[in-house]
Amino acid sequence: METLNKVIINQISTKVEKISGAEAVIKCLLAEGVNLAYGYPGGAIMPIYDALYNYQNQLHHVLTRHEQGAIHAAQGFARVTGKVGMVFATSGPGATNLVTGIADAQIDSTPLVCITGQVSSHLLGSDAFQETDIIGISTPVTKWNYQITRAEEIPEIIAKAFYIAKSGRPGPVLVDITKDAQFGELEFEYKKCEKIRSYRAVPKLEIEKVKAAAEMINSAKKPFIVWGQGIIIGQAEAEFKSFIEKTDIPAASTVLGLSALETSHPLHVGMVGMHGNYAPNVLTNQCDVLIAIGMRFDDRVTGNLQTYAKQAKIIHFEIDPSEVDKNVKTDIAVLGNVKETLAEIMPFINRGSHKNWLNEFHKLLQIEKDEVINNQLNPTKPGLTMGEVLNLINNETKGNAVIVSDVGQHQMFACRYANFIKTRSSVTSGGLGTMGFALPAAIGAKMGVPNREVIAIIGDGGFQMTIQELGTILQTEVAVKIVVLNNSFLGMVRQWQELFFDKRYASTVMKNPNFVKIAEGYGIEAQSVSQRADLTTAIKTMLASKKAYFLEVMIAQEDNVFPMIPTGASVSDIRLS
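Residues numbered from 1 in each chain as written. Predicted model: local features only at pLDDT ≥ 70, side-chain atom pairs only at ≥ 80, totals over all residues. Heavy atoms only, no water.

Asker: So what's going on with the sheet that holds strand β10 (residues 251–253)? Residues and values would help.
Answerer: What the six strands build is an open sheet, ordered β11-β10-β9-β12-β13-β14; its pairing is parallel. Only two strands of the sheet have a single neighbouring strand rather than two, namely β11 (268–271) and β14 (332–335). Taking each pair of neighbouring strands and ignoring which way they run, the sheet shows an average axis angle of 20°. Looking at chain direction, strand β9 (residues 223–227) and β10 are connected through three bridges and run parallel. Opposite W227, over in β10, you have S253 as the bridge partner. Helix-sheet contacts for helix α10 (residues 207–219) involve β12 (289–293), β13 (313–318) and β14, and the interaxial angle to β14 is about 130°. (Pairing = 2+ DSSP bridges. Helix = DSSP H or I, 4+ residues; strand = E, 2+ residues; numbered from the N terminus. Axes fitted to C-alpha atoms, helices over the stretch in contact; angles between N-to-C directions. Contact = heavy atoms within 4.5 Å.)

See below:
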């Protein structure tokens, strides 16, 4: 009996160990499979960084040059891998510098866990050095947040953080840990979180709604699908492709849905939205059944809600009940993960044929080609266009590259003209529209998929918002390719000023530095191109490099992105010029 008791005691001692709260944080992350994190150290999070020192071979930390760079890098990593992105920051300005990225991740449904240090618990509320109420500040832009003040809380809270971040509709979670909780000790034992009381990550599927949706789809004469990022988040690409091919329904993507279906698919009829394609925008107001899958009817997609698809019955496949009927009133809402709901509907839908309806899209696409696309891809005027740059990149990468775009005209050109053959190949800031996103996000994306070519498409304005992250490239030697489309303007604002403000270019002219010299100063091979004859060779040279490369392309200042739906207009009032 005495021997048996010793065995039991030994078994217990191997399960439970007493360690610091800081080390417990690292052990929790390793238990969740985290092997890469981004961040910037400081006083309030120093114990965690000290603990990390002993685990560098298991958890690689990337020191960015700014906390905003850290969180955008984590977003890029999460978007291309589907894993939870991991960020560290200290208290005060370190934590507040994360807020833009947190808000971006929240609206674009990107799973992140952000761990911030905080002053010791006895100083909370005293306006101590570098104390900010990051819980109060981040509450509106996080899926969940929590402040830990005792070391014993760490395992349970971090387990919850990862479960909440990645379950259902993903999003960012922030865990704020006081310094005394990091120094404190606990008997460490980690259990992954599998469920939380009163939190239903995925709504219960209602088969009656599935059957009703199938009946409506089967009887439709001019059905139209608009899909969003929910296809990618739900890993439902195969189910979605089977669904559209069986129903023969034309399908268009939102900005964030791009790459869920290969660009060349015969039922892929383009992109909807303010700078989307002509056909899917115009014919939104002519379809009889509009099937929205994994998208949220953002205002940039719908235009004027009073005129949006009023003739159509609306079917909404959606995981987040709060998005249903929020902007557009639906006739049938099919709640659940689209991977499951699309699989469930397949036995109830008939094999369809909508050749004549699809031809309506092709006719309008030809008009757009004649009036817009051909002028972009094969320009006859002097001055380089953004469209031809993207087209040449397509020719060289064959659609295999991950395209990470910033925010502005170049973003819309990238979304319109980049070709994709693999999912998770288009990364951009959608809902928040964060300038400065692309450079750090491309760094994170390349680290997430090191065997794929990752190309950042950036404007001269957005590039300078996070230009310091060239230092992260210098230190990590990550082989990201950077293309700055330089028109010496804040291009999208300038376009609006040209079209709607009588060409009063207020505060949009950019006097830029020598970007090539700056890139070279960070040890990055670089060149600038201003002549069409040099462009193809420059792109080939960039893509042939095994290291990071910077390419500046001087773009004609009057190069505007069309089509365009003016603010407040109907989607069918889209302008070609």
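Having seen the structure, we can now continue with the description.
Asker: I'd love a proper account of the sheet that holds strand β15 (residues 402–405), names of residues and values included.
Answerer: Taken in spatial order, the six strands line up as β16-β15-β17-β18-β20-β19 in an open sheet, and their pairing is parallel. Here the strands that pair on one side only, and so sit at the sheet edges, are β16 (426–428) and β19 (525–529). Sheet twist, expressed as the mean angle between neighbouring strand axes with direction ignored, is 15°. Bridge count for β15 against strand β17 (residues 454–459) is four bridges, and the pairing is parallel. What sits directly across from S405, in β17, is I457. Packed on one face of the sheet, helix α17 (residues 386–397) meets β15, β17, β18 (481–486) and β20 (549–554) and runs near 160° to β18.

Asker: Any details on helix α16 (residues 355–377)? Residues and values, ideally.
Answerer: Look at α16: only 28 Å from first C-alpha to last across 23 residues, short of the 33 Å you get at 1.5 Å a residue. Of all bends in α16, the biggest is about 55°, found at K369. The elements touched by buried residues of α16 are β9, β11, α13 (278–284), α17 and α18 (409–417). (Expected span 1.5 Å × (residues − 1). Bend = angle between axes of the 7 residues up to and from the residue.)

Asker: Tell me what's going on with unusual backbone geometry, and back it up with residues and numbers.
Answerer: The omega angle of the peptide bond from F562 to P563 is 0°, so this bond is cis rather than trans. By secondary structure assignment, the location of P563 is in the segment after β20. For A309, which is not glycine, the phi torsion reads 50° and is therefore positive. Tracing the backbone shows A309 in the loop between α14 (299–302) and β13. Its relative accessible area of 4% is what places A309 among the buried residues. Backbone geometry places S507, a non-glycine residue, at a positive phi of 60°. When you line up the elements, S507 lands in the loop between α22 (491–500) and α23 (515–521). (Buried < 20%, exposed > 50% of the residue type's maximum accessible area, 1.4 Å probe, protein only.)

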